[in-house]
Amino acid sequence: DVKVTQSSRYLVKRTGEKVFLECVQDMDHENMFWYRQDPGLGLRLIYFSYDVKMKEKGDIPEGYSVSREKKERFSLILESASTNQTSMYLCASSLWGGGTKNIQYFGAGTRLSVL
Amino acid sequence: EDKVVQSPLSLVVHEGDTVTLNCSYEVTNFRSLLWYKQEKKAPTFLFMLTSSGIEKKSGRLSSILDKKELSSILNITATQTGDSAIYLCATPEGSGGSNYKLTFGKGTLLTVNP
């Protein structure tokens with residue numbers, strides 16, 4: 001069965017802290033994605049990666065960075081957390097290519113509160 | 001400008017009602033349209049549609065694509081409280097070579113009251 005695991009369901013951090021959100025998939029997928037989800041704004045892509053050490057900016061990369069040292073793991077980093085980064089963060093993965101490979105599988109999400 | 005637009009943004013119905021959710025898209029080189037259901041946590045995949053007029057069905061849920069109208073609908077018949085969720089539609093956009101990322105609509109929040 002497909003599995004995408006995010007390390008924390010809930011996280012509370014203080015303004016200015018460095019925050020790491022971890023995501024692991026066990027499906028040998030090439031692509032991994034980080035989204036944030038806010039009421040009224042839907043899912044917005046922050047960054048994605050199509051291979052180890054490869055990354056591309058999504059629609060809202062400002063204030064975030066990512067790391068992919070191993071195929072199964074994709075980390076989202078908030079270098080200096082700010083209150084406007086309070087949100088639900090979702091990780092997803094998919095195979096590389098078209099057709100049914102476009103189906104993304106999601107983790108359960110991390111609800112981050114920055115105080 | 002939004003490339004994937006869903007309507008309505010929210011909907012409240014009673015158990016047993018039938019609902020229709022809408023998704024319109026505007027992308028270059030359309031390939032497919034995907035529907036997801038999101039309850040309290042991870043969005044889960046429902047359908048992928050590639051051809052106009054061919055209905056995909058799973059239990060009380062069904063979906064169809066209209067490429068002329070650049071749109072898709074998701075129907076849920078005899079709704080139950082367990083259908084309460086955010087329903088998302090998305091379409092792949094090229095990200096380089098033969099690889100794709102999904103562009104999502106804002107979602108429709110469906111609430112089914114007993």
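Let us look at the structure shown here. (Residues numbered from 1 in each chain as written. Chains lettered and ligands numbered in written order. Predicted model: local features only at pLDDT ≥ 70, side-chain atom pairs only at ≥ 80, totals over all residues. Heavy atoms only, no water.)

**What to know about the overall build of chain A**
- Within chain A, the secondary structure is distributed over 0 helices and 11 strands.
- For chain A, the N- to C-terminal ordering of α and β elements is β-β-β-β-β-β-β-β-β-β-β.
- Taken over C-alpha atoms, the radius of gyration comes to 13 Å for chain A, in line with the 13 Å a tight globule of 115 residues would show.
- Its C-alpha atoms give chain A principal-axis dimensions of roughly 40 × 30 × 25 Å.
- Sorting the 115 residues of chain A into buried and exposed places 49% on the buried side.
- In chain A, the share of contacts with a sequence separation of at least 24, taken over all contacts with a separation of at least 6, comes to 56%.
- When the accessible surface of chain A is totalled, it reaches about 5,500 Å², and 50% of it is carbon and sulfur. (Helix = DSSP H or I, 4+ residues; strand = E, 2+ residues; numbered from the N terminus. Rg over C-alpha atoms; globule rule 2.2 N^0.38 Å. Buried < 20%, exposed > 50% of the residue type's maximum accessible area, 1.4 Å probe, protein only. Contact = heavy atoms within 4.5 Å. Areas by Shrake-Rupley, 256 points an atom, 1.4 Å probe, with all protein chains shown as cover.)

**Side note on the state of the cysteines**
- Evaluation of the coordinates by the stated rule reveals 2 disulfides over all chains.
- Cys-23 of chain A shares a disulfide with Cys-91 of chain A; S-S distance 1.9 Å. Its torsion about the S-S bond being -80 degrees, the disulfide of Cys-23 of chain A and Cys-91 of chain A is classed as left-handed. Remark: Cys-91 of chain A occurs in strand S9 (residues 87–94) and Cys-23 of chain A occurs in strand S3 (residues 19–25); sequence separation between them is 68 residues. For the pair Cys-23 of chain A and Cys-91 of chain A, a shared accessibility class is recorded, and that class is buried.
- One disulfide bridge connects Cys-23 of chain B with Cys-89 of chain B, the sulfur atoms lying 1.9 Å from each other. Taking the torsion about the sulfur-sulfur bond, which here is approximately 75 degrees, the covalent link between Cys-23 of chain B and Cys-89 of chain B counts as right-handed. (Disulfide = S-S within 2.5 Å.)

**Brief notes about the pairing of strand S11 (residues 110–114) of chain A**
All names here are of chain A.
- Because side chains alternate across S11, one face comprises the buried residues Thr-110, Leu-112 and Val-114, and the other comprises Arg-111 and Ser-113, none of which is buried.
- Where strand S2 (residues 10–13) meets S11, 4 bridges bridge the pair, whose relative direction is parallel. Within the sheet, the bridge partner assigned to Lys-13 lies in S11 and is Val-114.
- The pairing of S9 with S11 spans 3 bridges and is antiparallel. Of the residues in S11, the one forming a bridge with Ser-87 is Leu-112. (Pairing = 2+ DSSP bridges.)

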